[in-house]
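Listed below, chain by chain, are the residues.
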Amino acid sequence: MKPMAATRAMPVIRGRVEAAAPLAPFTWFRVGGPAEWLARPADVEDLLALLAALDPAMELTVLGAASNLIIRDGGVPGVVLRLPARGFGGVTVEADGVVAGAAALDATVAEHAAAAGLAGLEFLSGIPGSIGGAIAMNAGAYGREIVDVLDWAEIATPGGLVRLDAAGLALAYRHASLPARGVVVRARLSATPGDAAAIAARMAEIRNAREATQPVRARTGGSTFRNPEGHKAWALIDAAGCRGLTRGGAQVSEKHCNFLLNTGGATAADLEGLGEEVRARVLAQSGVDLHWEIKRIGVPA
């Protein structure tokens, strides 16, 4: 494929717009090709203007913390949206909940809640992403999911701003039904007053569990595959003999084999190909068809 090039016009916005912009530095895996266009709106009004003016035929991809994402080596056609912390990262603590911008990190929201003595959001400290991404995939960890705490999410669309609750988003396991070309801009998460020491202890427990069982300091992308009904993905992968399996610069983590690693020189094709090899081996060994939890976007090189 030819290198990604910006061949289509973009609306003018107050924020930043860049053609043929590298995307790999934004991702936890540090792999992937460029965006045809990378847009970083200044604020919600700027985003709404962009969505309203954007050619409906132009592909639109939203990039959050990119912690569970493989961007393919050929890059991403159309417009890639990245909401900057300035304008989309605010966190406001209320008596019984937290209102957070889409660019706020999950762990940051958990910390704000804990500092205010609010319980129920500790699980967010174990999710390596942003609130926008957490809403878009009903993220969860340590026994709780976004569906358990979401009061509402505000979503920018080409027709304006809409507010939906968990039912309106049809939240399910690692899934949300967003409006067409909708972009989460902020959300309210419910919480309850609790004991500050107990909240801090639970967050420390989650942090210690992650560090003990997951390759948190590696170039990785979080859980690679969803847990099939009645199974743990890591156990199926282990039983299929895939722990430590490599392809190019990609490796199945020896610490937690539902994690893929970029050991230093991996391409997106290495990572995705290794994941598909794991799926094939698990299917052959156990008869279980693993489904990707990590998103893969863009085109091959």
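As a reminder, the structure under discussion sits directly above these lines.
Values in this document were obtained by computation on a predicted structure and should not be read as measured data. (Residues numbered from 1 in each chain as written. Predicted model: local features only at pLDDT ≥ 70, side-chain atom pairs only at ≥ 80, totals over all residues. Heavy atoms only, no water.)

A. Summary view of the overall build of the chain. Of regular secondary structure, the chain possesses seven helices and 18 strands. By the compact-globule yardstick of 19 Å for 301 residues, the chain fits well, its C-alpha radius of gyration being 19 Å. Dimensions of the chain, computed from the C-alpha atoms along their principal axes, are close to 55 × 50 × 30 Å. Counting only residues that meet the buried cut, the chain has 49% of its 301 residues in that class. Long-range contacts, defined here as pairs at least 24 residues apart, represent 65% of the contacts in the chain between residues at least 6 apart. Surface accessibility of the chain: about 13,000 Å² in total, with carbon and sulfur atoms responsible for 53%. (Helix = DSSP H or I, 4+ residues; strand = E, 2+ residues; numbered from the N terminus. Rg over C-alpha atoms; globule rule 2.2 N^0.38 Å. Buried < 20%, exposed > 50% of the residue type's maximum accessible area, 1.4 Å probe, protein only. Contact = heavy atoms within 4.5 Å. Areas by Shrake-Rupley, 256 points an atom, 1.4 Å probe, with all protein chains shown as cover.)

B. View of the pairing of strand 2 (residues 35-40). Burial of strand 2 is extensive: six of the six residues sit out of reach of the surface. Two elements, strand 1 (residues 16-21) and strand 2, share five bridges in a ladder whose sense is antiparallel. What sits directly across from A21, in strand 2, is A35. Relative to strand 5 (residues 76-82), strand 2 runs parallel, the two being bridged by four bridges. The residue of strand 5 that forms the bridge with L38 is V80. (Pairing = 2+ DSSP bridges.)

C. Representation of the sheet that holds strand 6 (residues 91-94) in the model. Here five strands make up an open sheet; going across it, the order is 6-7-13-11-12 and the pairing antiparallel. Of all the strands in the sheet, the pair left with one neighbour each is strand 6 and strand 12 (160-164). Neighbouring strand axes in the sheet, compared pairwise and without regard to direction, differ in orientation by 15° on average. As paired elements, strand 11 (residues 150-157) and strand 12 share five bridges and run antiparallel to each other. Bridging across to strand 12, T157 finds its partner in G160. The sheet contacts of helix 1 (residues 44-53) involve strand 11, strand 12 and strand 13 (183-190), and relative to strand 11 the element is tilted by about 50°. (Axes fitted to C-alpha atoms, helices over the stretch in contact; angles between N-to-C directions.)

D. Main features of the sheet that holds strand 5. The four strands lie next to each other as 1-2-5-3, forming an open sheet whose pairing is mixed. Each end of this open sheet is capped by a strand with a single partner; those strands are strand 1 and strand 3 (60-63). Each strand axis lies, on average, 25° off the axis of its neighbour in the sheet, ignoring direction.

E. Here's a closer look at the packing of aromatic side chains. Applying the stated rule across the entire model yields one aromatic pair. Judged by centre distance (5.0 Å) and plane angle (55°), the ring pair of F225 and W292 falls under tilted. In this pair, F225 sits in the loop between helix 5 (196-213) and helix 6 (233-239) while W292 sits in the loop between helix 7 (268-286) and strand 18 (295-297), placing the two residues 67 residues apart along the sequence. On the basis of relative accessibility, which here comes to 2%, the residue F225 falls in the buried class. Over the ring of W152 we find R163, and its NZ or CZ is 3.7 Å from the ring centre. (Phe/Tyr/Trp six-rings, centres within 6.5 Å; stacked < 30°, edge-to-face > 60°. Lys NZ or Arg CZ within 6 Å of the ring centre and 35° of its normal.)

F. Fine view of the state of the cysteines. Counted according to the given criterion, the structure contains zero disulfides. Summary of cysteine pairing: C242 is not part of a disulfide, and the nearest cysteine sulfur, belonging to C257, is at 7.9 Å. Residue classification places C242 among the buried residues on the basis of a relative accessible area of 0%. The exposure class assigned to C257 is buried, which follows from its relative accessible area of 3%. (Disulfide = S-S within 2.5 Å.)

G. Main features of the pattern of salt bridges. Under the counting rule described, the total for this entry stands at 18 salt bridges. For E293, the salt bridge is made with R174, and the minimal N-O distance between the two is 3.6 Å. A residue pair is termed long-range when its members are at least 10 positions apart, and E293 in the loop between helix 7 and strand 18 and R174 in the loop between strand 12 and strand 13 qualify at 119 residues. In this pair, the class of E293 matches that of R174, namely buried. A salt bridge links E211 to R217; the nearest nitrogen and oxygen atoms lie 3.3 Å apart. By sharing partners, the salt bridges in this structure join E94, D96, D151 and R188 into a single network. (Salt bridge = Lys/Arg side-chain N within 4 Å of Asp/Glu carboxyl O.)

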